[in-house]
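Architecture at a glance
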Amino acid sequence: MTGEDRKQEILEALKNAVVQYDEDAAKEAAQKALDLDINVNDAIFNGLVSGMEEVGRLFEAQEYFVPELLMCADALYAGLDLLKPHAETMDLGVKGSVVIGTVEGDVHDIGKNIVKMMFDVAGFTVYDLGRDVPLDKFVEEQLRTDSDLVCLSAMMTTTMVGMQKVIDRLKEKNPDVKIMIGGAPVSKELADKWGADGYADDANNALKDAINMISSLKKMKEDAEAKKSS
Amino acid sequence: MTVDNSSPRQRILNLFAGKKTDRVPCFSGMGNVTTEGLKKFGYKFAELHSNAKMLADAAASTYKLFGFECGIVPFDLCVEAEALGCEINVYAHSDDILYPTIKKKLITNEEEMDIRIPSDVSNRGRMPLMKDAIRHLKSDIGDNAVIGSYVLGPFTLAGQIMELNDLLKLSFKKPDKVGKLLDNLSDVIISVAKEYESAGVDFITVREMGATSDVLSPRVFKSLILPYLKKVFSELKSANVLHICGKTNDIAVFMLESGAKAISVDQKNDVAETRKKIGSNALLFGNYDPYNVLVSGTPELVHETIKKCIDSGVSAVWPGCDIWPTVPPDNFKAMMDTVQQYRR
């Protein structure tokens, strides 16, 4: 077996471990990847993350439901915990930091945790405020950490409306910050109406959106600086 | 034979009894407080939950102000969990509408799932207060409006007293263990519901939204959730409704199999399709969006949405969730007018 074959085999093993929510298999494959000196970013993105992409597909097809998704996430973290200390700066084109939490009155954090996982994988610095977070706490934390992105999650209609206030306050303090809202009752219409930059009803969309937003933010900053120096 | 539809309450009781009605009723089995009602009394939302008279006043005001054909208490989802020993947060500091939540879970790991149910569970926490509220409400508007209360379904209650994350994974990994907990919790729910019945409610809604197909597969619903719903409904004496929000098209038939007299679904359900599946006689309540239509829509959107509900074949015009309190009065009026005037 060539080195390339062996590498493919291990990437496949990482992927399958996530899809089949097998934490032990994920650890074992991650260890093998380290032993064989496989590029760690490769192992994360072409192994674990492609597993999670497959899970996303199965979820959309309603073959997997939330319990499976949670178990797959556990398997992903089992592998990621071993690989991450060895990862170089990851190359997604962008890097950033994000403040994330579930708004006050809402104690549901499963969706938020899945989104957080995608940021963890992508190498973002994540400031996780947890659940039932007072609205002003989001504003304080964004200012404290100068994060590029704030993600607000709500699972219930009854708490979703709090998001609008956070968006207003954040934009007032820092017009450049990008805000993403997510959760079952959230829609594109509401995101537009409330002035959020992105919305996601699932984790895959959240990550894609986040990367786009941060890219555009970095570009805006660069343009502004180029203008200043010229 | 003429059927007595002389009051909204009588019409709704007729509906539950399978008798003909002159039009679809417009009511709910879930929270129905409005900020208009609160304004009338000068009450703060956070104060209501621990005062029977205030609860009843607020619940009755929706009938008095808008003609909504019911009075429902409580307004939060924590009563049973509190009776089991959980502490709740009513967000007393907040002037916003924040629904009470559980501060501290009763079960923090798998080993603690074998809980002992206190023998006086139906008299603990705010249970006596809820019974008082029901009595107030009944004597206030109970001749004309239907009086109801709700309990959580066993799985949703389990999600209140333990980490949902753990509950969901264990539903997959150790269904027997979860089943045993749900069986225990069914007993709690039954004794709570019986107290509400003895306080005089006309009907009880069982809210099992934790088992929506957005979260659990229809297969798991059938094997793990349905048996305990059957157990609960077999013990209820009053008229009753099973409510599940989110995706429900693939479980609507199971929902009826639970033994519930009526099923309630939200805006994600394709009611016309469900109606075909369950036949013309089954009671199906729904399914307007209480936020995106009733609160943030225009009166025209409300009108069109309610017409669509009726055309799709609902047995009662009924919201997909709690009435969100900040309903503009014009929208509420548009809904009630449409129900009065529109015939399929």
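Each value, and the rule that gives it
Residues numbered from 1 in each chain as written. Chains lettered and ligands numbered in written order. Predicted model: local features only at pLDDT ≥ 70, side-chain atom pairs only at ≥ 80, totals over all residues. Heavy atoms only, no water. Helix = DSSP H or I, 4+ residues; strand = E, 2+ residues; numbered from the N terminus. Buried < 20%, exposed > 50% of the residue type's maximum accessible area, 1.4 Å probe, protein only. Contact = heavy atoms within 4.5 Å. Pairing = 2+ DSSP bridges. Axes fitted to C-alpha atoms, helices over the stretch in contact; angles between N-to-C directions. Arc of directions from axis to C-beta. Polar contact = N/O pair within 3.5 Å; in protein donor to acceptor, adjacent residues only side chain to side chain. Domains from an automatic or database assignment. Buried area = accessible area lost by both parts, 1.4 Å probe. Salt bridge = Lys/Arg side-chain N within 4 Å of Asp/Glu carboxyl O. Disulfide = S-S within 2.5 Å. 1 Å grid on protein atoms, 1.4 Å probe; cavity = no way out; pocket = protein on both sides within 12 Å on 5 of 7 lines; lining within 4 Å. Points joined across faces, edges and corners; volume = space filled by probe spheres on them. Nonpolar A, V, L, I, M, F, W, Y, C, P; charged D, E, K, R; others polar. Phe/Tyr/Trp six-rings, centres within 6.5 Å; stacked < 30°, edge-to-face > 60°. Lys NZ or Arg CZ within 6 Å of the ring centre and 35° of its normal. Expected span 1.5 Å × (residues − 1). Parallel < 35°, antiparallel > 145°, perpendicular 65-115°, else oblique. Left-handed = near helix turned anticlockwise from the far one by under 90°.

A few words now on the overall build of chain A. A tally of regular secondary structure across chain A gives ten helices and five strands. Looking at the 230 residues of chain A, the share that counts as buried comes to 53%. A separation of at least 24 residues holds for 73% of the contacts in chain A among residues at least 6 apart in sequence.

Here we take up the sheet that holds strand E4 (residues 178-182) of chain A. All names here are of chain A. Strand order in the open sheet formed by five strands is E2-E1-E3-E4-E5, with parallel pairing between adjacent strands. Both outer strands of the open sheet, strand E2 (125-128) and strand E5 (198-200), are each paired with one neighbouring strand and no more. Averaged over all pairs of adjacent strands, the angle between their axes in this sheet comes to 20°, without regard to strand direction. Bridge count between strand E1 (residues 97-102) and E2: four bridges; the pairing is parallel. Residue pairing in the sheet places serine 97 in a bridge with threonine 125 of E2. Sitting on the sheet, helix H6 (residues 135-145) is in contact with E1, E2 and strand E3 (149-153), with an inclination near 165° to E1. Its contacts with the sheet place helix H8 (residues 162-173) against E3 and E4, and it is angled at close to 175° to E4.

This next bit is on helix H12 (residues 271-278) of chain B. Residues and elements named next belong to chain B. Of the positions making up H12, those classed as buried are Val271, Thr274, Arg275 and Ile278. The buried residues of H12 occupy an angular sector of 105° when projected down its axis, which confines them to one face. Its buried side turned inward, H12 meets helix H11 (252-257), strand E8 (283-288) and helix H13 (299-312). Near the N-terminus of H12, the side chain that reaches the backbone nitrogen of alanine 272, with its oxygen 3.3 Å away, is that of aspartate 270. Directly beyond the C-terminal end of H12, a positive phi value near 85° is found at glycine 279.

Let's shift gears to the sheet that holds E8(B). Residues and elements named next belong to chain B. As summarised here, the arrangement of the seven strands in space is E1-E4-E5-E6-E7-E8-E9, forming an open sheet in which the pairing is parallel. Looking at the sheet topology across the chains shown, the edges are occupied by strand E1 (70-72) and strand E9 (316-319). Averaged over all pairs of adjacent strands, the angle between strand axes in this sheet comes to 30°, irrespective of strand direction. Of the strand pairs in this sheet, E1 and strand E4 (residues 146-152) are connected by three bridges, and their pairing is parallel. Counterpart to cysteine 70 in the pairing with E4 is valine 146. Together, E4 and strand E5 (203-207) form the strand contacts of helix H9 (residues 175-199), whose direction differs from that of E4 by roughly 165°. Across the sheet, H13 is in contact with E8 and E9; its angle to E8 comes to roughly 160°.

This part is about the domain arrangement of chain A. All names here are of chain A. What the domain assignment reports for chain A is domain 1 (3-86) and domain 2 (97-229). Each partner contributes to the interface: domain 1 provides 14 residues, whereas domain 2 provides ten residues. When domain 1 packs against domain 2, close to 940 Å² is buried across both sides, 74% of that on carbon and sulfur atoms. If you look at where domain 1 meets domain 2, you find zero salt bridges.

All names here are of chain B. Scanning the model with the defined rule gives zero disulfides over all chains in all. This cysteine, cysteine 245, is not joined by any disulfide, and cysteine 321 carries the nearest cysteine sulfur, 5.9 Å off. The class for cysteine 321 is partly exposed, based on a relative accessible area of 22%.

In total, this model carries two cavities of 30 Å³ or more according to the counting rule given. Of the voids in this model, the largest cavity is the one considered here, and its volume is about 40 Å³. Considering the residues around the largest cavity, the lining is formed by A:Thr157, A:Thr158, B:Pro290, B:Tyr291, B:Cys321, B:Asp322, B:Ile323 and B:Trp324. In terms of residue class, the lining of the largest cavity is made up of five nonpolar, two polar and one charged. What the second largest cavity holds in volume is close to 30 Å³. Contributing to the lining of the second largest cavity are A:Phe65, A:Pro67, A:Glu68, B:Ser171, B:Phe172, B:Leu216, B:Ser217 and B:Val220.

Tallied over the entire structure, the rule returns 17 aromatic pairs over all chains. On the basis of an interplanar angle of 55° and a centroid distance of 6.1 Å, the ring pair of A:Tyr21 and A:Tyr64 is categorised as tilted. Of the two residues, A:Tyr21 is situated in the loop between helix H1 (3-19) and helix H2 (23-35) and A:Tyr64 in the loop between helix H3 (40-60) and helix H4 (66-83); the sequence distance between them amounts to 43 residues. With centroids separated by 4.9 Å and ring planes inclined at 65°, the aromatic side chains of B:Phe45 and B:Tyr99 adopt a geometry described as edge-to-face. Residue B:Phe45 is located in helix H3 (residues 45-48), and its partner B:Tyr99 is located in the loop between strand E2 (87-89) and strand E3 (101-104); the two are separated by 54 residues in the primary sequence. Both residues of the pair, B:Phe45 and B:Tyr99, count as buried. Connected via pairs of aromatic rings, a cluster forms that spans B:Phe16, B:Phe27, B:Phe203, B:Phe285 and B:Trp318. If you follow B:Arg207 out to its NZ or CZ, it ends over the ring of B:Tyr150, 4.7 Å from the centre.

Let us look at the layout of surface pockets. Take a probe with the size of a water molecule and roll it over the atoms, and the empty space left behind shows itself. Residues and elements named next belong to chain B. Each pocket or cavity is described by its volume, and for the second largest pocket that value is around 570 Å³. Residue lining of the second largest pocket: 22 residues in total, with Leu15, Thr21, Val24, Val314 and Ser315 positioned closest to the centre. Its residues assigned to classes, the lining of the second largest pocket shows nine nonpolar, six polar and seven charged.

This part covers helix H6 (residues 127-141) of chain B. Within an α-helix, residues lying three or four positions from one another point in the same direction, as the helix has 3.6 residues per turn. All names here are of chain B. Compared with the 21 Å implied by 1.5 Å per residue over 15 residues, the 21 Å span of H6 between its first and last C-alpha is a close match. Within H6, the full set of buried residues consists of Met127, Leu129, Met130, Lys131, Ala133, Ile134, Leu137 and Ile141. Turning to H6, the residues buried within the fold contact helix H4 (52-66), E1, helix H5 (79-83), E4 and H9.

What follows concerns the packing of H3(A) against helix H5 (residues 110-121) of chain A. Residues and elements named next belong to chain A. Where H3 meets H5, the closest approach of the two axes is 12 Å, and the angle between their N-to-C directions is 165°. Regarding the angle of H3 to H5, the classification is roughly antiparallel. Our pair here, H3 against H5, has a crossing hand that is left-handed. Of H5, the residues touching H3 (which contributes Ile44, Phe45, Val49 and Met52) are Met117, Met118 and Val121. Here the contact of H3 with H5 is built from residues that sort into seven nonpolar, no polar and no charged.

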